[in-house]
Amino acid sequence: MIPKITDDRALALLAEGILDASADEIVRVAVTNGVDVAALEKKVRAMIEDRVAAAEKLERTSFNIGETVALRSDPQRVGVITSITPSNRETRYGVFIHGGWKPFTEASS
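The written sequence of each chain sets the order in which its residues are numbered from 1. In keeping with the model being predicted, local features are shown solely for residues with a pLDDT of at least 70 and side-chain atom pairs are shown and tallied solely at 80 or more, while totals for entire chains, interfaces and linings include all residues. As a rule here, side-chain values cover all heavy atoms of the structure and leave hydrogens and water aside.

Trainee: Mind showing me how you'd approach the environment of valine 44 here?
Mentor: The numbering of helices and of strands both runs from the N terminus, where a helix is a DSSP run of H or I of at least 4 residues and a strand a run of E of at least 2. One can find valine 44 in helix α3 (residues 37-61). Exposure categories follow from relative accessible area, calculated using a 1.4 Å probe and restricted to protein chains: below 20% of the type maximum is buried, above 50% is exposed, and the middle band is partly exposed. Classification of valine 44 as buried rests on a relative accessible area of 0%. It is 8.6 Å that separates the C-alpha atoms of valine 44 and isoleucine 26, two residues lying 18 residues apart in sequence. We call two residues in contact whenever any of their non-hydrogen atoms come within 4.5 Å of each other. In this structure, valine 44 is in contact with Ala15, Ile18, Leu19 and Ile26, ignoring residues within four places of it in sequence.

So, in structure tokens, the structure goes:
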């Protein structure tokens with residue numbers, strides 16, 4: 001008898017390769033690799049949901065260099081985005097505003 005693999009890293013590696021797989025393909029990959037079918041399916045679905053959420057967040061919050069922006073806290077303060085620095089936590093924007101460069105995040109604006 002082959003033990004069922006439920007290690008999250010192993011599931012993530014397998015799931016990464018089959019994100020667009022049908023339910024039958026997920027079952028086949030799970031059985032072939034000795035992985036619990038339900039655990040692999042759950043991991044695939046969770047990874048898809050995470051990617052969709054990340055893409056939606058980017059669509060809602062992305063700005064481009066050269067774009068004119070106004071502060072939420074003071075809409076009269078208008079500036080131009082001069083740099084964009086992505087990070088795991090939140091994207092940082094360099095904004096030329098009122099004659100000088102200032103760093104902002106979407107949360108701080």
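Trainee: Help me out: how do you make sense of the pairing of strand β4 (residues 100-105) in this one?
Mentor: Remark: a regular strand shows side chains that alternate across the two faces of the sheet. In this scheme, strands are said to pair when DSSP sees at least two bridges between them. When strand β3 (residues 92-97) meets β4, the two strands line up antiparallel, connected through six bridges. Within β4, the residue paired with tyrosine 93 across the bridge is phenylalanine 104. Counted along the chain from β3 to the antiparallel partner β4, the turn is two residues long, and its residue histidine 98 has a positive phi close to 50 degrees.

Trainee: I'm lost on the pattern of salt bridges in this one. Help?
Mentor: When charged atoms on two side chains of opposite charge get close, those side chains can pair. When a carboxyl oxygen of Asp or Glu is within 4 Å of a side-chain nitrogen of Lys or Arg, the pair counts as a salt bridge. Under the counting rule described, the total for this entry stands at one salt bridge. With its nearest N and O atoms 2.7 Å apart, the salt bridge here joins arginine 51 to glutamate 16. In this pair, arginine 51 is assigned in helix α3 and glutamate 16 in helix α1 (residues 8-16), connecting sequence segments 35 residues apart.

Trainee: Looking at this model, I keep getting lost on a nonpolar patch on the surface. Mind explaining?
Mentor: Without a salt bridge and with relative accessible area above 30%, a residue can belong to a patch; like charges are then joined within 9 Å and nonpolar side chains (Val, Leu, Ile, Met, Phe, Trp, Tyr) within 5 Å. Computed by Shrake-Rupley with a 1.4 Å probe, the accessible areas treat only the displayed protein chains as cover when residues are assessed. Taken together, the side chains of Val80, Phe96 and Trp101 make up a nonpolar region of the molecular surface, amounting to roughly 310 Å² of accessible area. Secondary-structure assignment places tryptophan 101 in strand β4.

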